[in-house]
Amino acid sequence: MDALTPLTPGQRCLIVGAGMAGLAAARVLHDAGIEVVILEKSRGVGGRMATRRLGDPPARVDTGAQYISAKSPEFQALIDECLAAGAAKVWTIGIPDDHGGRKNSHPRYVGADGMTAIPKHMAHGLEIHYEERLAKAAVDGDRWAVKTETGARFTANAMILTPPVPQALDIAAQGTVPLDPEAQAILSRVTYDPCIATLLLLDQPSVLPDPGGMTILETEPIVWVADAFKKGISERPCLLVHAGPRWSRDNFDDNDAHIVRLMTEVCRPYLGEANVTASQVRRWKFSVPQNRPSVPMLVGHAEPPLLFAGDAFGGAKVEGAFLSGLAAARALLGQ
């Protein structure tokens, strides 16, 4: 595929998705003088850096990503920025497991009042259109012309798709997007493991040991449990339970009551004397990418540029999504 023609100040890039990859790309492009427009299908930013509320008064609970850590200087710089702005804080050094071990003694960071605080900080000053789903995209001369489900229309010199790969491919298929055949083949191989997240509101703190989160090595039916109160993001105790990929796949379409009953029984050792007073189930269909491409982002169309980015490319965690968005933005700037 031919090299991309770099964007220049004043040109426009349309980014689909206001998760970590989309926001990372948007910040770099915006700082370079590119006009950035983000379309986000939900009511807020962050994607799987999601924080929900349960109960009255509400407990605040992270339902997707539970913490972040940095291996790259670029991501550490973002964390340091969020720490300085009060959007993030150090949670713990190392993560305990249910066998008495403690994994990796480097800092884990969380959003100051939930993980969504970090993407909210990143989104400041960006043009984001919420509750807008891209319905059709087509090449119009040297630009992309897109239409959303609400009827809004946008044009752009370049476009970055950051949803999970199957959703991104669906977006491309709904318009007249001539994808590069090699890119199409690579993208078609990407799959995802699901994850069912269960929230259990408690009438008193759990007996989960400090720091309030634990990796479960017996990987099914659960792989993670955390108490939002002990984690320091909620004034009320509430357990967040992540089910393992096999159990999540087998039970994905079960009704909420059945899932809550099973998860409550599995978590009985962590409840102590606490009772469950309310519950909620969140299903993550595209949780952990599999068959990931060995590139930080992928060019699907050269002119006008169409790039694919997200955690399926840069790595399966939040930092990977960030680095993928960074790579996409730099590619569009010719860096």
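As shown above, the structure is provided for reference.
Source: prediction; values computed, not measured.

Caption draft 1: Expanded view of the overall build of the protein chain. Secondary structure assignment for the protein chain yields 11 helices and 18 strands. For 335 residues, the compact-globule estimate of 2.2 N^0.38 gives 20 Å, and the protein chain sits close to it at 20 Å. Judged by the C-alpha coordinates and their principal axes, the protein chain covers about 65 × 40 × 35 Å. Within the protein chain, contacts between residues at least 6 apart in sequence are counted, and of these 68% link residues at least 24 apart. For the protein chain, the computed accessible surface area is about 14600 Å², with 49% contributed by carbon and sulfur atoms. Charge-centre separation for the protein chain: the mean point of 33 positive side chains lies 2 Å from the mean point of 37 negative side chains.

Caption draft 2: Geometry of the side chain of Asp62. Its location among the elements puts Asp62 in strand S4 (residues 59-62). Reaching out from Asp62, the side chain makes a polar contact with the backbone nitrogen of Met115 at a distance of 2.7 Å. Among all residues touching Asp62, those that are not within four sequence positions of it are Ala50, Thr51, Gly114, Met115, Lys231, Ile233 and Leu240.

Caption draft 3: Inspection of the sheet that holds strand S10 (residues 153-156) at higher detail. Spatial ordering of the open sheet is given by S8-S9-S10, a layout of three strands whose pairing is antiparallel. Of all strands in the sheet, those with a lone pairing partner are strand S8 (134-140) and S10, marking the two edges. Looking at each pair of strands side by side, their axes are set apart by 20° on average, direction ignored.

Caption draft 4: A look at helix H4 (residues 165-174). When H4 is considered as a whole, its buried residues turn out to be Val165, Ala168, Leu169, Ile171 and Ala172. In a view along the axis of H4, the buried residues occupy a sector of 155°, so they form one face of it.

Caption draft 5: A look at the packing of helix H1 (residues 20-31) against helix H11 (residues 318-332). At a closest axis distance of 7 Å, the pairing of H1 and H11 adopts a crossing angle of 35°. Seen along the crossing, H1 lies across H11 with a hand that is right-handed. In this structure, H1 contributes Met20, Ala21, Ala24, Ala25, Val28 and Leu29 to the contact, and H11 contributes Val318, Ala321, Phe322, Gly325, Leu326, Ala329 and Leu332. A per-class count over the contact of H1 with H11 returns 12 nonpolar, one polar and no charged.

Caption draft 6: Fine view of the environment of Gly141. Its place among the elements puts Gly141 in the loop between S8 and strand S9 (143-148). Residue classification places Gly141 among the exposed positions, given a relative accessible area of 63%. The sequence separation of Gly141 and Pro304 amounts to 163 residues, and the corresponding C-alpha distance is 8.3 Å.

Caption draft 7: Quick peek at the sheet that holds strand S14 (residues 222-227). The strand order across the open sheet built from five strands is S13-S14-S15-S12-S16, with neighbouring strands paired in antiparallel fashion. The sheet is open, and its two edges are formed by strand S13 (213-215) and strand S16 (276-290), each paired on a single side. Going across the sheet, the axis of each strand differs from the next one's by a mean of 15°, ignoring polarity. One ladder, built from 11 bridges, connects strand S12 (residues 191-202) with S16; its direction is antiparallel. Across the sheet, the residue bridging to Cys195 is Trp284, located in S16.

Caption draft 8: Structural context of the pairing of strand S1 (residues 12-16). With respect to burial, S1 is a largely interior element, four of its five residues being buried. Bridge count for S1 against strand S2 (residues 35-40) is five bridges, and the pairing is parallel. Each residue of the ladder has a partner; that of Arg12, found in S2, is Glu35. In the classification by handedness, the crossover that spans S1, the intervening H1 and the parallel S2 is right-handed. Two elements, S1 and strand S11 (residues 158-161), share four bridges in a ladder whose sense is parallel. The residue of S11 that forms the bridge with Val16 is Leu161.

Caption draft 9: Fine view of the pattern of salt bridges. Across all of its chains, the model carries eight salt bridges by this definition. Arg48 is the partner of Asp311 in a salt bridge, and the nearest nitrogen-oxygen pair spans 2.0 Å. Of the two residues, Asp311 is situated in helix H10 (residues 311-314) and Arg48 in the loop between S2 and strand S3 (51-54); the sequence distance between them amounts to 263 residues. With a shortest N-O distance of 4.0 Å, Glu74 and Arg330 are connected by a salt bridge.

Caption draft 10: Expanded view of the nonpolar core. Leu29 and Ile160 are the most contacted members of the largest nonpolar core, which totals 67 residues. Looking at which element gives the most residues to this core, the answer is H11, with nine residues. Contact partners of Leu29, with chain neighbours within four places excluded, come to Cys13, Ile15, Ile34, Val36, Ile160, Ala329, Leu332 and Leu333.

Caption draft 11: Main features of unusual backbone geometry. Looking along the chain, the bond that leaves Asp56 and enters Pro57 is cis, with omega of 0°. Mapping Pro57 onto the fold places it in the loop between S3 and S4. Cis geometry is found at the peptide bond from Glu303 to Pro304, where omega equals -5°. Among the secondary structure elements, Pro304 is positioned in the loop between strand S17 (298-301) and strand S18 (306-308). Of note, Glu131 is a non-glycine position whose phi angle comes to about 55°, a positive value. Positionally, Glu131 belongs in the loop between strand S7 (127-130) and S8. One non-glycine residue, Asn291, lies in positive phi territory at about 55°.

Scoring rules and cut-offs
Residues numbered from 1 in each chain as written. Predicted model: local features only at pLDDT ≥ 70, side-chain atom pairs only at ≥ 80, totals over all residues. Heavy atoms only, no water. Helix = DSSP H or I, 4+ residues; strand = E, 2+ residues; numbered from the N terminus. Rg over C-alpha atoms; globule rule 2.2 N^0.38 Å. Contact = heavy atoms within 4.5 Å. Areas by Shrake-Rupley, 256 points an atom, 1.4 Å probe, with all protein chains shown as cover. Lys, Arg positive; Asp, Glu negative; His and termini not counted. Charge placed at Lys NZ, Arg CZ, Asp CG, Glu CD. Polar contact = N/O pair within 3.5 Å; in protein donor to acceptor, adjacent residues only side chain to side chain. Pairing = 2+ DSSP bridges. Axes fitted to C-alpha atoms, helices over the stretch in contact; angles between N-to-C directions. Buried < 20%, exposed > 50% of the residue type's maximum accessible area, 1.4 Å probe, protein only. Arc of directions from axis to C-beta. Left-handed = near helix turned anticlockwise from the far one by under 90°. Nonpolar A, V, L, I, M, F, W, Y, C, P; charged D, E, K, R; others polar. Right-handed = clockwise from strand over helix to strand, strands pointing away. Salt bridge = Lys/Arg side-chain N within 4 Å of Asp/Glu carboxyl O. Core = buried A, V, L, I, M, F, W, Y, C linked by side-chain atoms within 4.5 Å.

Spatial relationships are all this shows, so hold off on functional conclusions.
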